[in-house]
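Results of the structural survey
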Amino acid sequence: MKAVNVRGTQTVVDACVAAGVWALVHTSTIDVLCGGGDVHLATEQTPYPPRFLDAYGRTKAESERRVRAATNLHSVILRFAAMYGEGDPYKVPAMLAEARAGRLLFRIGNGRSHMQPVYVGNAAHVTLLAVDRLLANDPAVV
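All of the points below concern the structure found in this document.

Calculation notes
- Residues numbered from 1 in each chain as written.
- Predicted model: local features only at pLDDT ≥ 70, side-chain atom pairs only at ≥ 80, totals over all residues.
- Heavy atoms only, no water.
- Helix = DSSP H or I, 4+ residues; strand = E, 2+ residues; numbered from the N terminus.
- Buried < 20%, exposed > 50% of the residue type's maximum accessible area, 1.4 Å probe, protein only.
- Polar contact = N/O pair within 3.5 Å; in protein donor to acceptor, adjacent residues only side chain to side chain.
- Contact = heavy atoms within 4.5 Å.
- Salt bridge = Lys/Arg side-chain N within 4 Å of Asp/Glu carboxyl O.
- Pairing = 2+ DSSP bridges.
- Right-handed = clockwise from strand over helix to strand, strands pointing away.
- Expected span 1.5 Å × (residues − 1).

In this section: the overall build of the protein chain. Assigned secondary structure in the protein chain consists of four helices and four strands. Element order for the protein chain, N to C, with α for helix and β for strand: α-β-α-β-β-α-β-α. Projected onto the principal axes, the alpha-carbon positions of the protein chain cover approximately 55 × 35 × 30 Å. For the protein chain, buried positions account for 25% of its 142 residues.

Right, let's get into the side chain of Asn 5. Mapped onto the elements of the fold, Asn 5 is located in helix α1 (residues 2-19). Reaching out from Asn 5, the side chain makes a polar contact with the side chain of Thr 59 at a distance of 2.9 Å. Setting aside chain neighbours within four positions, we find Asn 5 in contact with Tyr 56, Thr 59, Lys 60 and Ser 63.

Turning to the pattern of salt bridges, a few remarks are in order. This structure, assessed with the given rule, holds five salt bridges. Here Glu 64 and Arg 79 are joined by a salt bridge, their closest N and O atoms 2.6 Å apart. Taken together, the residues span a long stretch of sequence, with Glu 64 in helix α2 (residues 55-69) and Arg 79 in strand β2 (residues 74-80) at a distance of 15 residues. According to the relative accessible area criterion, Glu 64 is buried, its value standing at 0%. Of the residues examined, Arg 79 reaches a relative accessible area of 23% and is grouped as partly exposed.

Let us look at the pairing of β2. In this sheet, β2 lies alongside strand β1 (residues 23-29) in parallel orientation, the contact comprising seven bridges. Its bridge partner lying in β2, Ala 23 is registered against His 74. The parallel pair β1 and β2 is bridged by α2, and the resulting crossover is right-handed.

With that out of the way, let us pick up the environment of Val 67. Looking at where Val 67 falls in the secondary structure, it is placed in helix α2. In sequence terms Val 67 and Val 12 are 55 residues apart; their C-alpha atoms lie 9.2 Å from each other. When near neighbours in sequence (up to four residues on either side) are disregarded, Val 67 contacts Thr 9, Val 13, Leu 24, His 26, Ser 75 and Ile 77.

Let's shift gears to α2. Under the 1.5 Å per step criterion, the end-to-end length of α2 is 21 Å for 15 residues, consistent within 8% with the ideal 21 Å. For α2, the set of buried residues is Gly 57, Thr 59, Lys 60, Ala 61, Ser 63, Glu 64 and Val 67. Along its buried surface, α2 packs onto α1, β1 and β2. Its side-chain oxygen placed 3.3 Å from the backbone nitrogen of Tyr 56, Asp 54 serves as the N-cap of α2.

The values are spatial; any link to function lies outside them.
Okay, structure coming up:
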């Protein structure tokens, strides 16, 4: 995960700077905020937790830090939840199999947590919208 999420992101950032690319949309995850207890009404200023639930959240947080540190680059960081879509051989089929077998019994927090899985087509759409606003130098996005 470190090779892809951290070093891979740094390679992309370095390549953008070297090529004179000034805008970057970085795909991240809500996992970067998980680990320090409940997360309520998170914003861009919500700090990272003191420790993360797993290596994925930790390495994605480090990748975000690399993007933010690139002073010559205007960036947008999108934090998606779990994604699903056509051709996914893992998440949706596994969840359906567990539900059919009566074994999909889990609860997040006290049972009132809100976590919306994201359809991959919608994630792609919002990424393109972020690119448009970033290239327009929209101060609400940059």
